[in-house]
Amino acid sequence: MPFDYTAAIAAVCGDICFRVPELRHIDMGRVAVGFSQTKNSEPYGVFASATPLRFENGDSTYQSRGRIWTVQKHFRPDGIEYLYILYFYVPRFIELPLSQKLDTIVHELYHISPLFNGDLRRFGGRRFAHGSKKQYNQTVNRLVQHWLKQEPPAGLWEFLCYNYEGLVEKYGKPSGMRIPAPKIIPVRN
């Protein structure tokens, strides 16, 4: 029987957002969690990503070269629109040690704008997504440690302790939501 890996990660994300004050602005009901297949499990490359479904300042449209553009919308089954998509790249993410998995999850959550408006958290300068990489990583580490000190239930995140082989043995083959990457599309007048 398959193990819904994306639902399990979404539950961990929800608990992190509940327990960590700097992430309480995130409504996981408006954040889709999906996975993307990687060709290998090498310990380099992208492990996860946060995709905003709005432009800067939460704008639903953007004008460029005389055209107006929008981001393709994604909806929950009940019709509520998602504002973000978190992608986890499997099996590469699964092969990380627990500490790196937690850092990766919080790293992606921290990208979500404090205004929760579909845009990313923005830092000044040309490195708007991270600002100082060192400071960003220190913040992520501090948030992970805060969450762990809250003693979240082990049953919630225990699956993250396993590599791919161990996960399959204990929980079954990972499955979950596959979400096509949103496209930037022209607005029709």
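Structure: above.
Residues numbered from 1 in each chain as written. Predicted model: local features only at pLDDT ≥ 70, side-chain atom pairs only at ≥ 80, totals over all residues. Heavy atoms only, no water.

Chemist: Tell me what's going on with the sheet that holds strand β6 (residues 84-90), and back it up with residues and numbers.
Modeler: With mixed pairing, three strands are arranged side by side in an open sheet as β2-β6-β3. The open sheet has two edge strands with one neighbour each: β2 (31-37) and β3 (48-52). Neighbouring strand axes in the sheet, compared pairwise and without regard to direction, differ in orientation by 25 degrees on average. One ladder, built from seven bridges, connects β2 with β6; its direction is parallel. Within β6, the residue paired with Gly34 across the bridge is Tyr87. On top of the sheet, helix α1 (residues 5-19) reaches β2 and β6; it is set at about 135 degrees to β2, its chief contact. Relative to the sheet, helix α2 (residues 98-110) contacts β3 and β6, its axis offset from that of β3 by approximately 15 degrees. (Pairing = 2+ DSSP bridges. Helix = DSSP H or I, 4+ residues; strand = E, 2+ residues; numbered from the N terminus. Axes fitted to C-alpha atoms, helices over the stretch in contact; angles between N-to-C directions. Contact = heavy atoms within 4.5 Å.)

Chemist: Before we move on, can you summarise the sheet that holds strand β5 (residues 67-71) with the specific residues and values?
Modeler: Within the open sheet, the three strands sit side by side as β4-β5-β8. Their pairing is antiparallel. Of all strands in the sheet, those with a lone pairing partner are β4 (61-64) and β8 (184-186), marking the two edges. Between one strand and the next, the sheet's axes are offset by a mean angle of 40 degrees, whatever the strand orientation. Bridge count between β5 and β8: three bridges; the pairing is antiparallel. Along β8, the bridge assignment pairs Val71 with Ile184.

Chemist: How would you summarise unusual backbone geometry if you had to cite specific residues and measurements?
Modeler: Along the chain, Val90 connects to Pro91 via a cis peptide bond; the corresponding omega equals 10 degrees. Tracing the backbone shows Pro91 in the loop between β6 and α2. Within the chain, Asn57 stands out as a residue other than glycine whose phi angle is a positive 65 degrees. The topology assignment puts Asn57 in the loop between β3 and β4. You can call Asn57 exposed: its relative accessible area is 57%. (Buried < 20%, exposed > 50% of the residue type's maximum accessible area, 1.4 Å probe, protein only.)

Chemist: Explain the pairing of β3 residue by residue, including any values.
Modeler: Counting buried positions along β3 yields four of five residues, so the element is predominantly enclosed. By the bridge criterion, five bridges tie β3 to β6 in an arrangement that is antiparallel. Looking across to β6, one finds that Ala48 is bridged to Phe88.

Chemist: Account for the pattern of salt bridges, naming residues and giving values.
Modeler: Counted according to the given criterion, the structure contains six salt bridges. Between Asp15 and Arg19 there is a salt bridge whose closest N-O contact spans 2.6 Å. Separated by four residues within a single helix, Asp15 and Arg19 lie in helix α1, roughly one turn from each other. Comparing Asp15 with Arg19 shows no difference in burial state: the two are buried. (Salt bridge = Lys/Arg side-chain N within 4 Å of Asp/Glu carboxyl O.)

Chemist: Can you explain the environment of Glu56? Please cite residues and give values.
Modeler: Among the secondary structure elements, Glu56 is positioned in the loop between β3 and β4. Excluding anything up to four places from it in sequence, Glu56 contacts Asp119 and Arg122.

Chemist: Explain the side chain of Glu81 to me, using residue names and the numbers behind them.
Modeler: Following the sequence through the fold, Glu81 ends up in the loop between β5 and β6. Note on Glu81: relative accessible area 16%, which makes it buried. When sequence neighbours within four positions are dropped, the list of residues in contact with Glu81 reads Arg30, Arg54, Lys73, His74 and Phe75.

Chemist: Could you give an account of the nonpolar core, naming the residues involved and the relevant values?
Modeler: Grouped together as the largest cluster of nonpolar side chains are 42 residues, with contacts concentrated most on Leu23 and Leu109. Listing elements by their share of this core, those giving two or more residues are α1, β2, β3, β6, α2 and α3 (133-149). It is α1 that provides the largest number of residues to this core, a total of seven residues. The residues contacting Leu23, other than those within four sequence positions of it, are Ile16, Cys17, Val106, Leu109, Tyr110 and Leu143. Ranked by size, the runner-up nonpolar core spans nine residues in total, among them Phe55, Val71, Tyr82 and Ile85. (Core = buried A, V, L, I, M, F, W, Y, C linked by side-chain atoms within 4.5 Å.)

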